[in-house]
Amino acid sequence: METRTPAPLRVLIVDDEAPARARLRDLLGDIAAHHPTEIVGMAANGVEALRLLETAAADVVLADIRMPVMDGVELARHVVKLPSPPAVIFVTAYDQYAVQAFELAAIDYLLKPVRAERLAAALAKAEARRPAPDDAALAGLAPGERRHFSVSERGRILLLPVSEVLYLRAELKYVTARTAERDYVLDESLVQLEEEFPRRFLRLHRNCLVARDAVQGVERVGDQEGSDAHWAVLIRGVPERLPVSRRQWPVVRQMLGL
């Protein structure tokens, strides 16, 4: 009976150091007899990797943790939102204490310098098609705040720089992120965003967070003597006035030094 040769795993290598990318490429060649792979691309950071994934399907992403522009953990948080997400295997120089976080989250990793036998074992796990880790597990590994939000539009992932967002507003099951140019829809919760970005965004009321550096001032809105009178925040670059709840007004006032 003829034995069918398994299709090679399509691999994307992501590392900001060219020698590290070359070493992974060479190691994949060393184990090709038992774990055939096809390298679909190499990228120097997470943004480059996501652009490559728009045109080159991958089964596995080998991603360094510490990279400029977008690190490996943030890359993974965007990758898991793709329609057919590849498995992500982190490559890290972290010490053993830090690596415990990967093990607790059941996320595979390779310690530098990467060994051929360890790489082979990681690829074998990837072939088993284990469920992708959820965003909460990945967020727990993040060395810092994300620099980008993921926006799904017309079958692709757009990267929205967090620094461009003026405010976030919860609407039904989604959150709308407002920039000076337009609105974007995020598939995230306002509570999670507030917890992840406590220094960047300030809560105005239960459905809205505002970027602290986007606040231009405040004004009193409504009948000064009526029950509908309230304070509203003025936002740089957009005409909207965002209402402040009575509960949050003392916090907002303190933040603005009023």
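Only a predicted model underlies this, so the values are computations on that prediction, with no experimental measurement involved.

Novice: Explain the pairing of strand 7 (residues 156-161) to me, using residue names and the numbers behind them.
Specialist: The pairing of strand 6 (residues 148-153) with strand 7 spans six bridges and is antiparallel. Its bridge partner lying in strand 7, E153 is registered against R156. Between the antiparallel neighbours strand 6 and strand 7 lie two residues, among them R154 with a positive phi of about 50°.

Novice: Help me get a handle on the pattern of salt bridges, residues and values and all.
Specialist: Scanning the model with the defined rule gives 17 salt bridges in all. A salt bridge links E240 to R178, with the nearest nitrogen and oxygen atoms 3.2 Å apart. Of the two residues, E240 sits in the loop between strand 14 (230-235) and strand 15 (241-243) while R178 sits in strand 9 (residues 174-178), which places them 62 residues apart along the sequence. Residue E240 is classed as partly exposed on the basis of its relative accessible area of 23%. Between R241 and E219 there is a salt bridge; the shortest N-O distance is 3.2 Å. Pair noted here: R241 is in strand 15 and E219 is in strand 13 (residues 215-221), with a separation of 22 residues, a long-range link. The exposure class of E219 is partly exposed, given its relative accessible area of 28%. Among the charged side chains, a salt-bridge network with shared partners connects R77, K81, R146, E188 and E196.

Novice: Which residues make up the sheet that holds strand 5 (residues 109-111), and what values go with them?
Specialist: The strands making up a sheet associate through backbone hydrogen bonding, with each pair oriented either parallel or antiparallel. Pairing within the open sheet is parallel, and its five strands lie in the order 2-1-3-4-5. Two strands close off the open sheet at either side, each with one partner strand: strand 2 (37-43) and strand 5. Averaged over neighbouring strand pairs, the angle between their axes works out to 20° when direction is ignored. Bridge count for strand 3 (residues 60-64) against strand 4 (residues 87-92) is five bridges, and the pairing is parallel. Directly across from A63, in strand 4, lies its bridge partner F90. Packing against the sheet, helix 1 (residues 18-30) makes contact with strand 1 (9-14), strand 2, strand 3 and strand 4, and its axis sits at approximately 175° to strand 2.

Calculation criteria
Residues numbered from 1 in each chain as written. Predicted model: local features only at pLDDT ≥ 70, side-chain atom pairs only at ≥ 80, totals over all residues. Heavy atoms only, no water. Pairing = 2+ DSSP bridges. Helix = DSSP H or I, 4+ residues; strand = E, 2+ residues; numbered from the N terminus. Salt bridge = Lys/Arg side-chain N within 4 Å of Asp/Glu carboxyl O. Buried < 20%, exposed > 50% of the residue type's maximum accessible area, 1.4 Å probe, protein only. Axes fitted to C-alpha atoms, helices over the stretch in contact; angles between N-to-C directions. Contact = heavy atoms within 4.5 Å.

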